[in-house]
Each structure stands twice: as C-alpha cells, then as structure tokens.
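The lines below spell out each chain.
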There are 2 protein chains.
Amino acid sequence: MSKKKKFVQAVTSRDEDFARWYTDVVLKTDMVDYAPVKGCMVIKPYGYAVWENIQKIADKKFKDTGHENAYFPLLIPESFLKRESDHFEGFSPEVLWVTQGGDQQLSERLLIRPTSETIICNMYSKWIQSYRDLPVLMNQWCNVIRWEKTTRPFLRTAEFLWQEGHTVHETTEEAHEEALRMHEIYRQVAEENLAMPVIMGEKSEREKFAGANKTYTMEAMMYDGKALQAGTSHDLGQNFAKMFDIKFLGRDGKEQLGYSTSWGISTRLIGGLVMVHGDDRGLKMPPRVAPIQTVIIPIGLEKEGVREAANEIFDRLHEEFRVKLDDREQYSPGWKFNEYEMKGVPVRLEFGKREIEEGYITAFRRDTLEKTKLSFENLEEELKTLLEDVQNNMFKMAKERMDKKTKVYTDYEELKKMADSDLGFGKVMRSGDLEDELKLKEETGLTIRCIPFEQEKLSDKCIISGKEAKYMVYVAKAY
Amino acid sequence: MSKKKKFVQAVTSRDEDFARWYTDVVLKTDMVDYAPVKGCMVIKPYGYAVWENIQKIADKKFKDTGHENAYFPLLIPESFLKRESDHFEGFSPEVLWVTQGGDQQLSERLLIRPTSETIICNMYSKWIQSYRDLPVLMNQWCNVIRWEKTTRPFLRTAEFLWQEGHTVHETTEEAHEEALRMHEIYRQVAEENLAMPVIMGEKSEREKFAGANKTYTMEAMMYDGKALQAGTSHDLGQNFAKMFDIKFLGRDGKEQLGYSTSWGISTRLIGGLVMVHGDDRGLKMPPRVAPIQTVIIPIGLEKEGVREAANEIFDRLHEEFRVKLDDREQYSPGWKFNEYEMKGVPVRLEFGKREIEEGYITAFRRDTLEKTKLSFENLEEELKTLLEDVQNNMFKMAKERMDKKTKVYTDYEELKKMADSDLGFGKVMRSGDLEDELKLKEETGLTIRCIPFEQEKLSDKCIISGKEAKYMVYVAKAY
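All values derive from a computational prediction rather than experimental measurement.

Q: Go over the overall build of chain A, please, and point to the residues and values.
A: Looking only at helices and strands, chain A features 15 helices and 23 strands. Computed over C-alpha atoms, the radius of gyration of chain A comes to 25 Å, within 12% of the 23 Å expected from 2.2 N^0.38 for 479 residues, which places it in the range of a compact globule. Based on the C-alpha atoms only, the size of chain A along its principal axes is roughly 80 × 55 × 50 Å. Burial statistics for chain A: of 479 residues in total, 61% are counted as buried. Sequence-distant contacts in chain A: of pairs separated by 6 or more residues, those separated by 24 or more amount to 70%. Accessible surface, chain A: about 19,500 Å² in total, of which carbon and sulfur atoms supply 46%. Of the side chains in chain A, 72 bear a positive and 82 a negative charge, and the two mean positions are spaced by 3 Å.

Here it is as structure tokens:
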C-alpha cells in the first residue's frame, strides 16, 4: 500500500491541476522529454511506439484508397511561400529561416516547411499535363516546424511529426469528395482506434486553413472539457493551382486548372489520447494503439513451474499480441503493477503457483480496474475478447463524458458561465458574421470549433448578437 | 519493334555514358525528380516504395536485436556541434544554419542535423544514471541535411532519408560487438535483399567517421567498376560520452563513462541498387524490394474470358505478392512490356485466350530476359520459386562482375592504369602511413575503400611507397 500511495503522490491529480497532471504523466511514463532547443520535444520509445501504431493503421487506409507515399524536400524557397497570399500571411510569423550554408550566405532564404502545399504544388505543375494524369494522390510522412511561442509536448511543439496528403483532381466535385473521404478516414483512426470520440464538421471562415476554400475538422473533448482539433482535411479549390500553375489539357481539349486538397494528422493525437483517457494513476492506452497490449507478471518466480508457465504464456501470445513478460526479480509484483498501470497497459496477466495448478490466470483491466479470470486453456481467445471489450468500453466512457459535457445554450450569460467554470462543448446558434465570432472569443475565450454536419435548430437568433441565426455551431475553449 | 527502338534510344547506353544512363533511368522510371532547391530531390512514389521495403526489412532486424525507435529534434544548438572537435571539423563546412524565426533573429544559431550524435548524446547523459539503464539501444528514421556542392539523385543529395542507430554500453567489448552486429545486419540487407554483394571491412584513419574510433563499412561495386559506400557502423569509444558527460554508476559503485556506437544506411542504397543491376533497358529490381514484383498483362482484352482470367489471377496473387494488373485498353501489350521492363519489374505474366485454354501463363523474367511457362493451376507456388530464382540470380550476376573486376596489384604503374582505363577494385598491400594514402588519392584518384576483414598477404611492400606492408586494402574510385 505504501508504494501505491507514493505513486499516487507522484502524479498530480487530474482535478487539481490538469495541465500539471498532463506533464507529469507524459514525462514519467517515458513517452516524451524536453529537448535542449526551445519548444522542441524528444519522442521516447514508449511515445514513438504509439505513433508507429497510428502510422500503420492510417497508412493502410491511405493505400487502400489509392494513395501513394512520396517524399518532398524539407526546405522551401522564400518566393514560393509568398505566392499564395493568405497562405503567406498565415504561416510567415512562425516560420524558421535558413540563411547560411557552411560559412556562406545563401542567395535566397529557405524556410523549413510548416506544411508543404507550396513545394508540392510546384512539382505537380511539372508532372500534370493531361486529364489522364489525374487524380494525383500522394502522401508523405515527415517532420514540420512551426516556431510557436507557447508549447507543450505533443499538443503544440515547434517541431512535430505528421502525414500530409496532397491531391489534385479534374473537377471540383472530385476534390470535394476526396476531402470528405480523408476526413472520414481520420474519424475512423480517432474513434475506432484511439477510442476518441469526435465531432465532425467544417471550420468557420476565421478558423479555416490559410489558403483553403473549406476546412473539415474533427474535434475531440479532453478530460477537462476543452477541445482538441485532432485532424483536418482541406478543400483547396483552385487557389494553389492558380498560384502554382497546375494546368492540364481537359477532356474537351481545352486547358484547365486542377482542384486540390490537403489533409493531415500529427503526433498531437498522442497528446489527445493521453488527455481523453488518462486518470490519476496515469495513462490508459486503447488496445489497438497500445505499445504493450498485455503485460505478463508472474508472482513467486522462485516457486516451481512459475517461470516456465510465464515463458509458455509469452510464447503462446507474442505473435498475435504486443505482449511483454516482466520476469525481473529485483522488482516486486506490486511495484510492477503500479509501473504498468501508470503506463496504461490495457490488460495485465498475473498468476502464481496456485493459479497455474487451478488452470486460470487473473486478468486486470486498466479501464475499469477490475479483475477477471481467464482460462489457461482458452487464453488466446479470451484475451482477444477482453482487449476488444476494453477498446469498446474506453470509447463508450469517453463518449459518455463528451455527451454529458455537451450542452445547448440559448442564453449568452449562461454560455459565459460555462466558459468560466464548467468547461465543455456548447451547441449554439450563430449568424455567420465575423464580428460576432471575434466578440465571442474576446469576451469568453471560447472559439467556434466547427459547424457540425449534424445540424439542429435550437433557436432563431444568434446567441452572441441576437441577429438572425444561420446555423448551429460547437463552441469551446481549445488547446 | 519500332517502339522498342524508340525506347532504347530514350535511355543512354550504360557503356557509352554511365552517368547519363543513371540520370536517364532514375528520372524516366519516375523514381525521383529534381527539387527547386539546389541539391535536393523529390522521391517519387516508385522510388519511395523501394525505401519503404528497405525500411520494413531493416526495421524488423533492428527490433529483433532489441532496438527501439524514437525521434530526436531536427535542430541542434551550435554549441553542441563544437563539443567534439573532430566531429565539428568534419561536419561544419556542410552544415545549414537557421538564424531567424518569424522576423526575429535567434539568440543562438541552430544547425539542421547532418547526423544526430550530439543531440542524442546530450539526452542520453540525462537518461543514463546506472549500469542498470544500459545498454540503451535506440534508432530513428529521419531526414538529414549535408549541404554538398556536387549532388546526384539518391547518391549524394543535400537532404536525404536514413536511419541512425545510437547505442550506449557498459563496456568497450559490448560496444564493439554492437557495431559489428549492426554492420552484419547491413550486409544482410544489402546482399540478401538488394542482391548487392559487398566487401566488409574497416575504414582507414583518413576515411573514418568524424569522431569515431573505428568505422566499419560495406563497399559495393557499381556497373562501371566504381565503389559505393553502402552503409557504415561506428565504434565511438568514449569520445562522445566524454564530451556529453554520459556517466553511470558502475557495478563496482564507481562512476564510469559509457561506450557508444552509431550506424546508418540511407536512400543512397536506392542509387546503388540502380547502378548494380540496371541495364540498357532500364532498371532491374530485386524481387525482395521491388515495388511491383509481378505485373499481369493480359493480351486481347476484348476476347472472351481474358479479362475475367486477369482478374482471377490478380485476386489469387495479390495477398502474397506485390502485384499489379495492367488492363488499360489505350496502351498496347508491347508498350506495356517496354514500360515495365524499364521499371525493372522482376517478373511479367502475360497470356491471351490460347494460354488460358491450354492452362498456362507465360512468365518473362527481367534478369535474364527469358520466358518460361507457369501452370495456371500451380501459379502461386511456381511464381514464388521463380521470384526467388530471380533474386538469387541477380546476386550471382552482380557477384561475378565484382569478382571479375577485382584484381590483385603489386605494381604501382599497373594500378595507375586500372585507375585510368579499367576501373574496378584493386587489392593491394599498404604501409598504414597517411602520406601514402594521400599520395595515392592525388596521383590516381583512387581511395582506400576498406581494410577488409578477410586479409591476404600479397607482398611484403606497400604498393605506393615500397615501405614495409602492414595489411591488405581495397582501393577504388568511389561515388
């Protein structure tokens, strides 16, 4: 008991100080560390393994929908960024500039990509000649840099890892479909794999991507009621095609401009996963992306048959599951229990001499902290079912919390109270005017997270200005 | 025939101008393109797919030997580079400097990593406290930049992709073993997967990595007789541990310095693969890393049953093999044959109505340009055997060429002739003196590629200076 106490003291309580709880958890579980360069992080193996699992899942979905991976340069000439003016205004304040090579001054400054629309569109204009070359469907997994002032590991860092898809299409309809298709794939990654429920919708004029016609977003709710933008997909219309001269000979024999899209998810998802599922004991990993799905902890290693049974169980499980056997003798079972609970391993298998003799294994599930018995004989199947159940239950718990903290507001004063003391998602009606959006942000700190696909009519009036309401939006404080 | 002629004209002959042949092939097969930034390349999907296959193979070997992936920052503070003086001298001339963020000057210049020993060792010094924390075995897949003057796609580019492993050990023996272990894994990647035979050995004092005690290298021979350094593994001794303060409490209770290694292979391997195997028709892909292992080309698509058979064959093969069905009607079978021969697809399956009726499929193998018959019934198995045979034969052909172009030299004038007009590997005896090595380079353009593990005694005298010979080396012109 004393060890558990000590552990609980080591991680700040979620309800006391959520920001500190987050930092404690991601550092103490060896997911991440601060780098010696301002705002940069080191992703340690336990955090990187989550990213590898996300990559594997998303990459397969991209390829199954016809996309190919490629790699475009890290460095972009300054002149490229300037071509699309909204894009330049949006990104130039947070761009890092390369000015010297060896001991020589470069003739043109180069920027480190904050995103790659400009350099990729430049290449596409060279590669695309005819409608026969379309659609072009490419993706890259890479690092990008946005030199932000305020940073937090995974959530907002100067450098982060992501994938960025970039496509060109013959018609506006096809580009639109593509943007929505990838948006839906992101939902599957989030909901079905990270067990992270999301609201699907469109960004407001103010919040959309610099250079896009439409930005589709998925917004997740963190434990503290704040929103996390978890993935975006942009319908770029002909904006970049115009500026980068992506022209093709159409079916009608005439020259036409292409329609492009781009879409991305990043290591930010790892931060989201921590903040959606974690509790005062530490992380809770959804089985589908957990670096370790099951840890085997034998009790009484010195007793006859225990170590042999542990090895046998490991051998039986390790091809189908990501499984770890912890048979170190210098640590007690209790110490190990705490360790893997903090690391959020979904299922712990524990057993001693007695269990082996009686033909069962005790399984501890991290999501509910309950213990059940699995039969030794049928272990593979029962573990598989248990892990699926943990996965589904984690989604259910997160969805219930999000639903509970999502409320309809028709009164502005009530909404302000929510922003002050009871954070969550507000469903409100609004006019569509930019000035109302700015006023909301200034007076409450809330922003419009999205115009959801699933619309409801809550009232006739904009909650902020009282003007005629055009549509419903979700508002929240955001990471 | 006219199409084949046209095709052969399109690619420069290997023997006429090997450099131009290389550029023609990598550009025309859509492996790579020049980027708008000096010395940078865009890796297109057909080239990137080779990299993905190499990654999958190497990553599994790294993990099977206990290594974990992580991610360290792109940017390194200037002060870090300066700490290890050999390392600084080696890398500073080709480093890119970041000096501005947004519109502000940075307080300390940051360099874009040319390799990550410095920033990784800085983190390791924080993470490693006791011998219990050792060994630390990490790897990262990432981009690096070396601002080179003369560049060629894949072979030498300002930015390239690679993996860099970085480990710390308790003893010099363990570090030494690790460096050799990874060196051997690289050999397996090269010989068993890229079908690229290599000479295994150690780098000379002049050619070793800036900051290493010993550098192990594998050297491959290209079609033109020149050498390509295809992968290196460094035993760093305590050099970086000293400068970055990687100390740990030893088993004896005393503070000690760690022993480190680093090792890397890069997208350069793709260039090597092209130059070892390609011929005047274009690429030859070794099956194990080929983006497309088999292309199915039905002949007479309009005839009854042909399209159905093509789809059936694709369905049967596509889970076990990387297979493509080309059933486009706007291109003739002859056009397609040329296209996939140029792209180096190891096996082409072609068939029409007659073959289907008679129960076989014609297989064309790219390595020997021969046709064989595969039975429709037993297709999976026979194709598998055929691909293995292609893989083995490609290695055999490359090995025979390397052996044929590897000669013993005991006369300096003969060696000079080789350097002038008959490039290959020279096995020669040398003294070990730096001045001899410099003289060789200056007078012949040859460099010492490695001191091979397999030593022979060819004579008593250094071929360059006539001094007492210490060991045998391989010399060659190098990429």
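Q: So what's going on with the pattern of salt bridges? Which residues, and what values?
A: All names here are of chain A. Taken as a whole and assessed by the stated rule, the structure comprises 92 salt bridges over all chains. One salt bridge connects glutamate 78 with lysine 82, and the closest N-O pair in it is separated by 3.5 Å. Remark: lysine 82 and glutamate 78 occur in helix α4 (residues 78–83); sequence separation between them is four residues, near one turn of the helix. Overall, the relative accessible area of 14% leaves glutamate 78 in the buried class.

Q: Explain the relation of the copies chain A and chain B residue by residue, including any values.
A: Both copies of the chain are tied together by a single rotation about an axis and a shift running along it. Between chain A and chain B, the superposition needs a rotation of 180° and an axial shift of 0.0 Å, giving an RMSD of 0.0 Å. Considering both components of the superposition, the chain copies are consistent with a two-fold axis. Closest to the rotation axis within chain A is the C-alpha of A:Val98, separated from it by 2.1 Å. Most of the interface of chain A is mirrored in chain B, where 100% of its interface residues are also at the interface.

Q: Help me get a handle on the sheet that holds strand β18 (residues 360–365) of chain B, residues and values and all.
A: All names here are of chain B. Pairing is mixed across the open sheet formed by five strands, whose spatial order is β16-β15-β17-β18-β19. Strands at the two margins of the open sheet, each flanked by one partner only, are β16 (323–325) and β19 (370–375). Averaged over all pairs of adjacent strands, the angle between strand axes in this sheet comes to 25°, irrespective of strand direction. With five bridges joining them, strand β15 (residues 294–298) and strand β17 (residues 347–351) adopt parallel strand pairing. Along β17, the bridge assignment pairs valine 295 with arginine 348. Along the sheet, helix α13 (residues 379–404) makes contact with β15, β17, β18 and β19, crossing β19 at roughly 155°.

Q: So what about the sheet that holds strand β10 (residues 214–221) of chain A? Which residues, and what values?
A: Strand pairing in a sheet is mediated by backbone hydrogen bonds. Such pairs are either parallel or antiparallel. Residue and element names in this part refer to chain A. Reading across from one edge, β3-β7-β8-β14-β11-β10-β9-β22-β23-β21-β20 is the order of the eleven strands in this open sheet, with mixed pairing throughout. Where the open sheet ends on each side, the last strands, each with one partner, are β3 (68–69) and β20 (406–408). Pairing geometry for strand β7 (residues 136–145) and strand β8 (residues 159–169), over ten bridges, is antiparallel. Bridge pairing links valine 144 to phenylalanine 160 in β8. Along the sheet, helix α7 (residues 172–193) makes contact with β7, β8, β9 (198–202), β10, β11 (227–235) and β14 (259–266), crossing β14 at roughly 10°.

Q: Can you tell me about the nonpolar core, naming the residues and giving the values?
A: A:Met31, A:Ile112, B:Met31 and B:Ile112 are the most contacted members of the largest nonpolar core, which totals 212 residues. When near neighbours in sequence (up to four residues on either side) are disregarded, B:Ile112 contacts A:Leu74, A:Leu75, A:Val98, A:Ile112, B:Leu74, B:Leu75, B:Leu96, B:Val98 and B:Ile145. With 22 residues, the next largest nonpolar core counts A:Ala363, A:Leu374, A:Leu387 and A:Val390 among its residues.

Q: Would you mind going over unusual backbone geometry in detail, with residue names and values included?
A: All names here are of chain A. Leucine 134 connects to proline 135 through a cis peptide bond whose omega is -5°. Turning to its location among the elements, proline 135 is positioned in the loop between α6 (117–127) and β7. One non-glycine residue, aspartate 30, lies in positive phi territory at about 60°. Mapped onto the secondary structure, aspartate 30 falls in the loop between α2 (18–28) and β1 (32–34).

Q: Describe in detail the packing of helix α3 (residues 45–64) of chain A against helix α9 (residues 268–277) of chain A, supporting the description with residues and values.
A: Residues and elements named next belong to chain A. Between α3 and α9, the shortest axis-to-axis distance is 10 Å and the interhelical angle comes to 110°. When the axes of α3 and α9 are compared, the pair comes out roughly perpendicular. Along its contact with α3, which presents Gly47, Val50, Trp51 and Ile54, the element α9 presents Leu269, Ile270 and Leu273. Tallied by class, the residues present in the contact of α3 with α9 amount to six nonpolar, one polar and no charged.

Q: Describe the packing of helix α10 (residues 306–317) of chain A against helix α13 (residues 379–404) of chain A, listing the residues and the values that go with them.
A: All names here are of chain A. Contact pair α10 / α13: the axes reach a minimum separation of 10 Å and the direction vectors enclose 65°. Considering their axes alone, α10 and α13 lie roughly perpendicular with respect to each other. The handedness of the crossing between α10 and α13 is right-handed. Listed contacts from α13 to Ile313, Arg316 and Leu317 of α10 are Leu379, Glu380 and Leu383. Partitioning the contact of α10 with α13 into residue classes produces four nonpolar, no polar and two charged.

Q: Let's hear about the pairing of β9(A): which residues, and what values?
A: Residues and elements named next belong to chain A. With four of five residues buried, β9 lies mostly within the body of the structure. Taken together, the five bridges between β9 and β10 define a ladder with antiparallel strand orientation. Residue pairing for β10: glycine 201 is matched across the bridge by threonine 217.

Q: Provide a residue-level description of α13(A), including the pertinent values.
A: Its 26 residues place the ends of α13(A) 37 Å apart at the C-alpha level, agreeing with the 38 Å of an ideal helix rising 1.5 Å per residue. Where α13(A) is concerned, the buried positions are A:Leu379, A:Leu383, A:Leu386, A:Leu387, A:Val390, A:Gln391, A:Asn393, A:Met394, A:Ala398, A:Arg401 and A:Met402.

Q: Any chance you could break down helix α14 (residues 412–421) of chain B for me, citing the residues and the numbers?
A: Note: α-helices contain 3.6 residues per turn, so residues at a spacing of three or four share the same orientation. Residues and elements named next belong to chain B. Those residues of α14 that sit buried are Tyr412, Leu415, Met418 and Ala419. For α14, the buried positions fall inside an angular range of 110° around the axis, keeping them on one side. Away from its buried face by more than 90 degrees, α14 exposes Asp420 and Ser421. Looking at the buried side of α14, the elements it contacts are β21 (425–430), α15 (434–444) and β23 (471–476). One side-chain oxygen of the residue at the start of α14 lies 3.1 Å from the amide nitrogen of glutamate 413, identifying that residue as aspartate 411.

Q: If you had to explain the pairing of β23(B) to someone new, which residues and values would you point to?
A: Residues and elements named next belong to chain B. Judged by how many residues are buried, β23 sits mostly within the fold: five of six residues are covered. Relative to β23, β21 is paired through five bridges, and the arrangement is antiparallel. Residue pairing across strands places glycine 426 opposite valine 475, the latter belonging to β23. The pairing of strand β22 (residues 447–452) with β23 spans three bridges and is classified as antiparallel. Note on β23: the bridge partner recorded for isoleucine 448 is valine 475.

Q: Run through the side chain of B:Ser431, naming residues and quoting values.
A: All names here are of chain B. Inspection of the secondary structure assignment puts serine 431 in the loop between β21 and α15. In this structure serine 431 comes out as buried when scored by relative accessible area, which is 3%. For serine 431, the side chain forms a polar contact with the main-chain nitrogen of aspartate 433, separated by 3.0 Å. When residues no more than four places from it in sequence are discounted, the contact partners of serine 431 are Asp436, Cys462, Ser465, Lys467, Glu468, Ala469 and Lys470.

Q: Tell me what's going on with the interface of chain A and chain B, and back it up with residues and numbers.
A: If you look at the interface, chain A gives 54 residues, while chain B gives 54 residues. Between chain A and chain B lies a buried interface of about 4,300 Å² when both sides are counted; carbon and sulfur atoms form 63% of it. One can count four salt bridges joining chain A with chain B. We note a salt bridge from B:Asp33 to A:Lys126, for which the minimum N-O separation is 2.9 Å.

Reading the values: rules and limits
- Residues numbered from 1 in each chain as written.
- Chains lettered and ligands numbered in written order.
- Predicted model: local features only at pLDDT ≥ 70, side-chain atom pairs only at ≥ 80, totals over all residues.
- Heavy atoms only, no water.
- Helix = DSSP H or I, 4+ residues; strand = E, 2+ residues; numbered from the N terminus.
- Rg over C-alpha atoms; globule rule 2.2 N^0.38 Å.
- Buried < 20%, exposed > 50% of the residue type's maximum accessible area, 1.4 Å probe, protein only.
- Contact = heavy atoms within 4.5 Å.
- Areas by Shrake-Rupley, 256 points an atom, 1.4 Å probe, with all protein chains shown as cover.
- Lys, Arg positive; Asp, Glu negative; His and termini not counted.
- Charge placed at Lys NZ, Arg CZ, Asp CG, Glu CD.
- Salt bridge = Lys/Arg side-chain N within 4 Å of Asp/Glu carboxyl O.
- Least-squares fit on C-alpha atoms with pLDDT ≥ 70 in both.
- Pairing = 2+ DSSP bridges.
- Axes fitted to C-alpha atoms, helices over the stretch in contact; angles between N-to-C directions.
- Core = buried A, V, L, I, M, F, W, Y, C linked by side-chain atoms within 4.5 Å.
- Parallel < 35°, antiparallel > 145°, perpendicular 65-115°, else oblique.
- Nonpolar A, V, L, I, M, F, W, Y, C, P; charged D, E, K, R; others polar.
- Left-handed = near helix turned anticlockwise from the far one by under 90°.
- Expected span 1.5 Å × (residues − 1).
- Arc of directions from axis to C-beta.
- Polar contact = N/O pair within 3.5 Å; in protein donor to acceptor, adjacent residues only side chain to side chain.
- Buried area = accessible area lost by both parts, 1.4 Å probe.

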